[in-house]
Amino acid sequence: MIRQAKGRTPRRPPKKPSNTQKDPVGVYCRVRPLGVEDEECCIEVISSSTIQLHAPEGFKTNRNGEYKETQYSFKKVFGVSISQMELFEYVAKPLVDDLIHGRNGLLFMYGVTGSGKTFTMTGSPGQGGLLPRSLDMIFNSIGPYQAKRYVFKTDDKNGMEVQNEVDALLERQKRENMSFPKPSSSRQRSDPEIADMIKSEEAYKTEGVDEDSSYSVFISYIEIYNNYIYDLLEENQEDAIKPKWNGGGTPVCQNTEFIAPQSKTLREDQNHNMYVSGCMEVEIKSAEEAFQVFWRGQKKRKVANTRLNCESSRSHSVLIIKLAQAPLDADGDNILQDRNQVTVSQLCLVDLAGSERTGRTGAEGTRIREAGNINQSLLNLRTCIEILRENQMCGTNRMVPYRDSKVTHLFKNYFDGEGKVRMVVCVNPKVDDYEETLLVMRFAEITQEVEVARPVDRPICGFTPGRRHRNQAFKEELSRKLDERGGPIDKDVPSVINHLVQSLPPLPSSELNDPHDDITLPRLIEALQNRHRIRQMMIDEYNNAANRMKSMLQDLDNNQISKDDLIHAQNGKLADKDKIIQNNKTELERLEKKNRMQEHKIDILQKTTKIYEDDKRSMKYELETREQKLQREQTDKKRMEQRMHGVVTDTQHKWAKECDRRVNAMQLEMQNKLWVKDEKLKQLKAIVTESKTPGRPDPPPRQTQGRPDPPPRQTPQRPSREERLPAKRSASPVPTATPVRPLHRRSRSAGGEKWVDHKPLSNLDLGTVLQPVIPNSIQVSSASEKVLSKCDRYVLTHQEIASDGEIQTKLIKGDVMKTRGGGQAVQFTDIETLRQELTSVPRRKRKSSEGEAGTDGAWTDVETRCSVALEMRAGSNMGPGVEHHAINKRRKP
């Protein structure tokens, strides 16, 4: 046999067209009083439907740093002074009325931990909550019309069966023989926690209860703990968390391993409604018994002590109240034995565990896992609500993830239109709960926008209404008639027969002593005839009375039928009007839905337009910024062009001057060369002419044996102040002379200091012989910190144009010192100035040879030697280590 693959839950079979009217989820808000009066409050009740949240000090909700105050609207807001009775009248009483009239309802508490959810649902002695008041109102309304116990019997598939009186009696006897716990009123009176929950003057009763039906109430109480469902009414319920034991009888993993216990499962009945399979349903006959059953399960609920709440609920509790009702038969005496005529309605009262942050509650170990499961289930509830809202407002068809959590999976039928949904949001005005309260308010705001289809009213059976009342009236009239005639009621039949026998005439003595007695038998016959006549008269009278009663009943029935016909006709007209109204409402809803769709589209278009406008503004601002940047760049470019144009012009002017100077220098050099050649030619010509002139003495003989010793070397002396003064440079060209051996001067600290010889690349080579030479130096074209760190002294060779148009060289000297920042600095101490100067010297001639006779005495022209010294104009402190070399140049005679 091939097993079919497990697929999705089959779709619900097509039903009759349901009511298209929808009602929004009713959301109410209750504010808990502050525990300490001087504590700061962050919630203010503005009106009966609006509250305002004030951000506490130090909590910024706007980017600009300002405090933001938000307002939220509800169907009804209950302040700190509201009583439990007023809250029940507005919130739970309509749901109890719907329950008695065959409609489902869901009421759940929502809020952060410690906000008063359990108190609102359960209450305390003298201040009963919504749950005990709902039970009390149910039994106050259906008390006279309750069926006997076990007439209604639940099955294992969320259905309800009807038993006759005999089966119900056998079931009662069977349960009485079993050891089944029975609630007693003495226990209720002895339990102070549930004693006097509701005062007698606060009792409510539903109007318009169907008297032609019989009712029975069933209660089941479950909790959802760590996403598992447990029955709180079971007698042998095990703890949800217990250590895992090994074979040796010792715990494993220090009792920290979680063992998933056996829990109840959710199933779907034939009408596709969700129910808890195997959950115990207890039939209740009074409010006191209901309180006892509820409190028995309440004591098993998971609670724990946290930093925020000494009795914090660690699970979601659900009390399910089922009300079974079935019509009476045509006589109005017994319940109709038809399962299809049984109507089952239920009211679910849910106390959700509060959302919490482990950082505030100080939870550890098991408490952390509990808090995580609680927050996850509340998050799934929020997700389902948001998707429902999106599907209804935007027309989408997204799948609602009911199965992600047991809470949403159990109550998905209510959101699909199987009943009315209401939520009470409990808030704590403490400043510490502000952030979590803000999230709760946002969820409540979204929930109010979800609409649930209005449930359809149950069909009315075809029996004449008022059957129970007529049956009771008939029984009372019959008893009265029998009582008037001295007859007892029907249950005392032997006494009625005796009374009738005694009302007949007595029989004469029927004893016969003589066979020829002709008196006794005729007397007995006459008595029997009288009795028969009286009996016939009584039968006739009874028949006449019965006929009169039948005629009276027929007249009443005819009047009732005529009234019913009139009512039926009026109902027909009302039905027509209702159809017209329904069609108008349908059309109105269609137009409203279309209007909402158009408004939603308008909102989308407005948001899109706003986005486009923002983009347009941002792009416009960016365009303006770029235009300004472009203008600045263009202005900078023009300024740079002007600056570069000025620099180019200055450079061109400078190089034009430099070219002119170099051309002039080259022309002077060429003229000097030509002048030297001319002078040599003239001298040669003069020598030739003098050699031909007679009477000229012969030149001295040339010494050939040996070269005379050179004159002793003289140490150069420092020139006087007058000699050191710079002479004016002649405009005539200076011929180039052969360099002589330079004279050196030892430094006072020779070898003791190291110099940086800074010679820029822009300096010109003047071709002078006397050049500054610095031993033990590092020659660089540009100074750097690395080079300065290696030396002690610094000299800069600088060239500039003097006042006479010639180039002068300056030697700028200084000391290298270290700075505090670890760098190098130069402190200038001395300046030496080097200039060129022309000096005039008389010509001298000497003979080339004096000892040779007979030879023409040729006098050599003694060349005039001009020492062009580089004058050093410096300060008083002349730097050591600088040697000056002179270049001898030929001067003009």
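Residues numbered from 1 in each chain as written. Predicted model: local features only at pLDDT ≥ 70, side-chain atom pairs only at ≥ 80, totals over all residues. Heavy atoms only, no water.

Enquirer: Outline the sheet that holds strand β23 (residues 755–758), supporting the account with residue identities and numerical values.
Expert: Ordered in space as β24-β23-β25-β26-β27, the five strands form an open sheet in which the pairing is mixed. Since the sheet does not close on itself, it has two edges, and those belong to β24 (777–780) and β27 (824–834), each with one partner. Strand-to-strand, the axes of this sheet are offset by a mean angle of 25°, without reference to chain direction. Two elements, β23 and strand β25 (residues 793–801), share four bridges in a ladder whose sense is parallel. Looking across to β25, one finds that aspartate 757 is bridged to valine 795. (Pairing = 2+ DSSP bridges. Helix = DSSP H or I, 4+ residues; strand = E, 2+ residues; numbered from the N terminus. Axes fitted to C-alpha atoms, helices over the stretch in contact; angles between N-to-C directions.)

Enquirer: I'd love a proper account of unusual backbone geometry, names of residues and values included.
Expert: Phi is positive for asparagine 226, close to 55°, though the residue is something other than glycine. By the secondary structure assignment, asparagine 226 is in the loop between β12 (213–225) and β13 (228–231). A relative accessible area of 7% means that asparagine 226 is categorised as buried. A positive phi angle is found at asparagine 227, which is not glycine, with a value near 65°. According to the relative accessible area criterion, asparagine 227 is partly exposed, its value standing at 30%. (Buried < 20%, exposed > 50% of the residue type's maximum accessible area, 1.4 Å probe, protein only.)

Enquirer: Can you lay out the packing of aromatic side chains for me, pointing to particular residues and giving the numbers?
Expert: Working definition: an aromatic ring pair is given by the centre-to-centre distance plus the angle between the planes. Taken as a whole and assessed by the stated rule, the structure comprises nine aromatic pairs. Look at tyrosine 228 and tyrosine 230: their rings are 6.5 Å apart centre to centre, the planes differ by 40°, and that puts the pair in the tilted class. Assessed through its relative accessible area of 4%, tyrosine 230 is described here as buried. In this structure an aromatic cluster arises from ring pairing among Tyr28, Phe78 and Tyr90. (Phe/Tyr/Trp six-rings, centres within 6.5 Å; stacked < 30°, edge-to-face > 60°.)

Enquirer: For the environment of cysteine 29, give the residues involved together with the corresponding values.
Expert: When you line up the elements, cysteine 29 lands in strand β2 (residues 26–31). The buried category is assigned to cysteine 29, whose relative accessible area is 0%. Along the primary structure cysteine 29 and valine 77 are separated by 48 residues, whereas in three dimensions their C-alpha atoms are 4.8 Å apart. Not counting the four nearest positions on each side in its chain, cysteine 29 is found in contact with Ile51, Phe74, Lys76, Val77, Phe78, Val425, Val427 and Met441. (Contact = heavy atoms within 4.5 Å.)

Enquirer: Can you lay out the pattern of salt bridges for me, pointing to particular residues and giving the numbers?
Expert: Scanning the entire structure with this criterion turns up 28 salt bridges. Notably, a salt bridge pairs glutamate 283 with lysine 285, separated by 3.1 Å at the nearest N-O pair. When sorted by exposure, glutamate 283 lands in the same class as lysine 285, which is buried. We note a salt bridge from arginine 793 to aspartate 815, for which the minimum N-O separation is 2.6 Å. Of the two residues, arginine 793 is situated in strand β25 and aspartate 815 in strand β26 (residues 807–818); the sequence distance between them amounts to 22 residues. Through salt bridges with shared partners, a single ionic network connects Asp98, Arg103 and Lys420. (Salt bridge = Lys/Arg side-chain N within 4 Å of Asp/Glu carboxyl O.)

Enquirer: Describe the environment of valine 816, naming the residues involved and giving the relevant values.
Expert: Summarising the element assignment, valine 816 is placed in strand β26. Taking the C-alpha atoms as reference points, valine 816 and tryptophan 755, 61 residues apart in sequence, are found 9.3 Å from one another. Ignoring anything within four residues of it in the chain, the contact list for valine 816 reads Leu788, Cys791, Asp792, Arg793, Tyr794, Gln824, Ala825 and Val826.

Enquirer: Mind laying out helix α7 (residues 287–298), listing which residues take part and the relevant values?
Expert: Over its 12 residues, α7 extends 16 Å from the first C-alpha to the last, a length consistent with the 16 Å expected when each residue adds 1.5 Å. Summarising burial for α7: 10 of the 12 residues are buried, a large majority. Listed in full, the buried residues belonging to α7 are Ala287, Glu289, Ala290, Phe291, Gln292, Val293, Phe294, Trp295, Gly297 and Gln298. The backbone nitrogen of glutamate 289 lies 3.2 Å from a side-chain oxygen of the residue at the head of α7, namely serine 286. (Expected span 1.5 Å × (residues − 1). Polar contact = N/O pair within 3.5 Å; in protein donor to acceptor, adjacent residues only side chain to side chain.)

Enquirer: Pulling in residues and values, what's your account of the side chain of glutamate 223?
Expert: Looking at the secondary structure, you find glutamate 223 in strand β12. A residue is classified by how much of its surface remains accessible, and glutamate 223, at 0% relative accessible area, is buried. Here the side chain of glutamate 223 touches serine 315 through a polar contact of 2.7 Å, side chain to side chain.

Enquirer: Before we move on, could you go through the pairing of β27 and cite the residues and values that matter?
Expert: Inspection of the sheet shows β26 paired to β27 by 10 bridges, in the antiparallel sense. Opposite threonine 809, over in β27, you have leucine 834 as the bridge partner. With antiparallel pairing between neighbouring strands as the criterion, β26 and β27 make up a hairpin whose turn holds five residues, including glycine 822 at a positive phi of roughly 95°.

Enquirer: Which residues make up the sheet that holds strand β5 (residues 70–73), and what are the values?
Expert: Strands sit in the order β3-β4-β5 across an open sheet of three strands; the sheet is antiparallel. With one partner strand each, in any of the chains shown, β3 (43–45) and β5 form the two edges of the open sheet. Strand-to-strand twist of the sheet, defined as the mean angle between neighbouring strand axes without regard to direction, takes the value 25°. In terms of strand pairing, β3 meets strand β4 (residues 50–53) through three bridges, oriented antiparallel. The residue of β4 that forms the bridge with isoleucine 43 is leucine 53.

Enquirer: Kindly report on helix α4 (residues 130–142), identifying the contributing residues and their values.
Expert: With 13 residues, α4 should reach 18 Å at 1.5 Å per residue; the first-to-last C-alpha distance of 19 Å fits that figure. Along α4, 12 of the 13 residues are buried, which leaves the element largely enclosed by surrounding structure. Looking only at α4, the buried set comprises Leu130, Leu131, Pro132, Arg133, Ser134, Leu135, Asp136, Met137, Ile138, Phe139, Ser141 and Ile142.

Enquirer: Break down the packing of helix α1 (residues 84–91) against α4 for me, citing the residues and quoting the values.
Expert: Closest axis-to-axis distance for the α1/α4 pair is 10 Å, and the angle between their directions is 65°. Crossing hand, α1 versus α4: right-handed. Along its contact with α1, which presents Gln84, Met85, Leu87 and Phe88, the element α4 presents Leu130, Arg133, Ser134 and Met137. Tallied by class, residues from the contact of α1 with α4 come to five nonpolar, two polar and one charged. (Left-handed = near helix turned anticlockwise from the far one by under 90°. Nonpolar A, V, L, I, M, F, W, Y, C, P; charged D, E, K, R; others polar.)

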